[in-house]
Amino acid sequence: KAKRAGRATYRFFSADIDKLAEERLMHSTALREAIASEALTLNYQPQICTRNGAIHGVEALARWHDPVLGEVSPSKFIPLAEECGLIEQIGVWSIKQACQQMASWRRAGLDIPCISVNLSPINFQNVNLAAVVAQILAANDLPAKMLMLEITEGVILNERATVIATMSELRNMGVGLSLDDFGTGYSSLSRLAQLPIHELKIDRSFMRDFENDQGTRAIVTAVVRVGQSLDVKVVAEGVETEPQRRLLAELGCDAMQGFLFARPMAAAAFSRWLLDYSAHRASLMLRQVGRAL
Ligand code: C2E
Ligand code: MG
Ligand code: MG
Ligand code: MG
């Protein structure tokens, strides 16, 4: 009896796996077509300097709208792309797309210091990454310091010599490097000090308990201090509330990003947002000057 139940379970399980494999194949085909047909786009989310409210930078986040599947989250399709060998293409595509957009904003006179692009660890294993980046920067007439590449902390765990070598090469070119989702991996502090990075991004999971939980607050405080002593900028992601903003400002966190300021937006919406934001900020500053006089 037990044996029969076992076999039934097995059969059910195996059918499930077949279905999963089939689904994955279908989705990877759809993703391959999406890359070719421009169904992939980038959205842009601003990062704000804590000190004076100026624009610190903008992060480019990939979006996939499929006619059948609908909106597919990058936390679904990036792992899929990594599995089915499409991540190389997506990496190059997003750097190219982001740099083109940045160049076009520059021509339009928008003042944005830097654009951040997310890359997968696999992208950093490509020995040609630095050369590809150099070529894209040149094609768009962008200084290297206007590009920041984000790499998740987990990468450092199973780090390979090629990853660090590529990072150093990029850093020597003047490209910025940011350690994303910091605090979710297990990189040691001594290792952190050796990494060729310019920025740490505190993972947004810390924001949830930040206001009420002493332990979480202690960790965030420590990360900000570590950043300061290593001369690395600290950016908080997932900032949603005014109390979170105020606490981070008190701690001396350099910049913030989150729904409190703006959601990720399509390029046109982002430029409208930026013009609005800058006008509002200018009038606030004028009022302050007026009050001081
Ligand atoms: P990430 O780089 O840590 O990006 C931050 C995520 O938090 C984004 O999710 C963003 O939309 C979301 N977010 C921003 N502010 C808030 C907030 O105030 N509250 C909450 N709850 N969420 C906020 P998204 O766009 O779904 O991206 C998820 C992850 O997918 C990214 O995490 C990044 O690791 C990856 N990803 C996105 N685009 C790309 C890409 O072009 N290439 C690669 N390799 N990975 C990408
Ligand atoms: Mg990121
Ligand atoms: Mg992050
Ligand atoms: Mg994240």
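Report follows, based on the coordinates. (Residues numbered from 1 in each chain as written. Chains lettered and ligands numbered in written order. Predicted model: local features only at pLDDT ≥ 70, side-chain atom pairs only at ≥ 80, totals over all residues. Heavy atoms only, no water.)

Digging into helix α10 (residues 214-230)
Then comes step 1: When the terminal C-alpha atoms of α10 are compared, their 24 Å separation across 17 residues agrees well with the 24 Å that a helix rising 1.5 Å per residue should span.
Then comes step 2: Among the residues of α10, those classed as buried are Thr 216, Val 220, Val 223, Val 224, Val 226 and Gly 227. Projected down its long axis, α10 shows its buried positions confined to an angular sector of 160 degrees, all on one face. Exposed residues pointing more than 90 degrees away from the buried face of α10 are listed as Gln 214 and Ser 229.
Then comes step 3: Check the buried side of α10 and you find it contacts β6 (176-182), α8 (189-194), β7 (199-202), α9 (205-210), β8 (233-236) and α11 (242-251). (Helix = DSSP H or I, 4+ residues; strand = E, 2+ residues; numbered from the N terminus. Expected span 1.5 Å × (residues − 1). Buried < 20%, exposed > 50% of the residue type's maximum accessible area, 1.4 Å probe, protein only. Arc of directions from axis to C-beta. Contact = heavy atoms within 4.5 Å.)

A few points about the packing of helix α5 (residues 129-139) against helix α7 (residues 161-173)
Then comes step 1: Between α5 and α7, the shortest axis-to-axis distance is 9 Å and the interhelical angle comes to 30 degrees. Between α5 and α7, the crossing angle belongs to the class labelled roughly parallel. Here α5 runs over α7; the crossing is right-handed. Counting all contacts with α5, which are made through Leu 129, Ala 130, Val 133, Ala 134 and Leu 137, the residues of α7 involved are Thr 166, Glu 169, Leu 170 and Met 173.
Then comes step 2: A breakdown of the residues in the contact of α5 with α7 according to their chemical character gives 7 nonpolar, 1 polar and 1 charged. (Axes fitted to C-alpha atoms, helices over the stretch in contact; angles between N-to-C directions. Parallel < 35°, antiparallel > 145°, perpendicular 65-115°, else oblique. Left-handed = near helix turned anticlockwise from the far one by under 90°. Nonpolar A, V, L, I, M, F, W, Y, C, P; charged D, E, K, R; others polar.)

Looking at the site of ligand 1
Then comes step 1: In the vicinity of ligand 1 there are 22 residues, among which Arg 63, Asp 180, Arg 204, Glu 240 and Phe 259 approach most closely.
Then comes step 2: Between ligand 1 and Arg 204, the relevant distance is 2.5 Å, taken from an oxygen atom to a side-chain nitrogen or oxygen of the residue.
Then comes step 3: In this structure, Glu 240 approaches ligand 1 through a side-chain N or O atom, which is 2.5 Å from a nitrogen atom.
Then comes step 4: Assessed atom by atom at 2 Å from the grid points, ligand 1 resides in the largest pocket.
Then comes step 5: When residues of the shell around ligand 1 are traced back to their parent elements, those giving at least two are β2 (55-66), α2 (74-83) and β6.
Then comes step 6: A per-element tally of the shell around ligand 1 places β2 first, with 4 residues.
Then comes step 7: Partitioned by chemical class, the residues of the shell around ligand 1 number 8 nonpolar, 6 polar and 8 charged. (Near = heavy atom within 4 Å. Polar contact = N/O pair within 3.5 Å; in protein donor to acceptor, adjacent residues only side chain to side chain. 1 Å grid on protein atoms, 1.4 Å probe; cavity = no way out; pocket = protein on both sides within 12 Å on 5 of 7 lines; lining within 4 Å. Sits in = over half its atoms within 2 Å of the grid points.)

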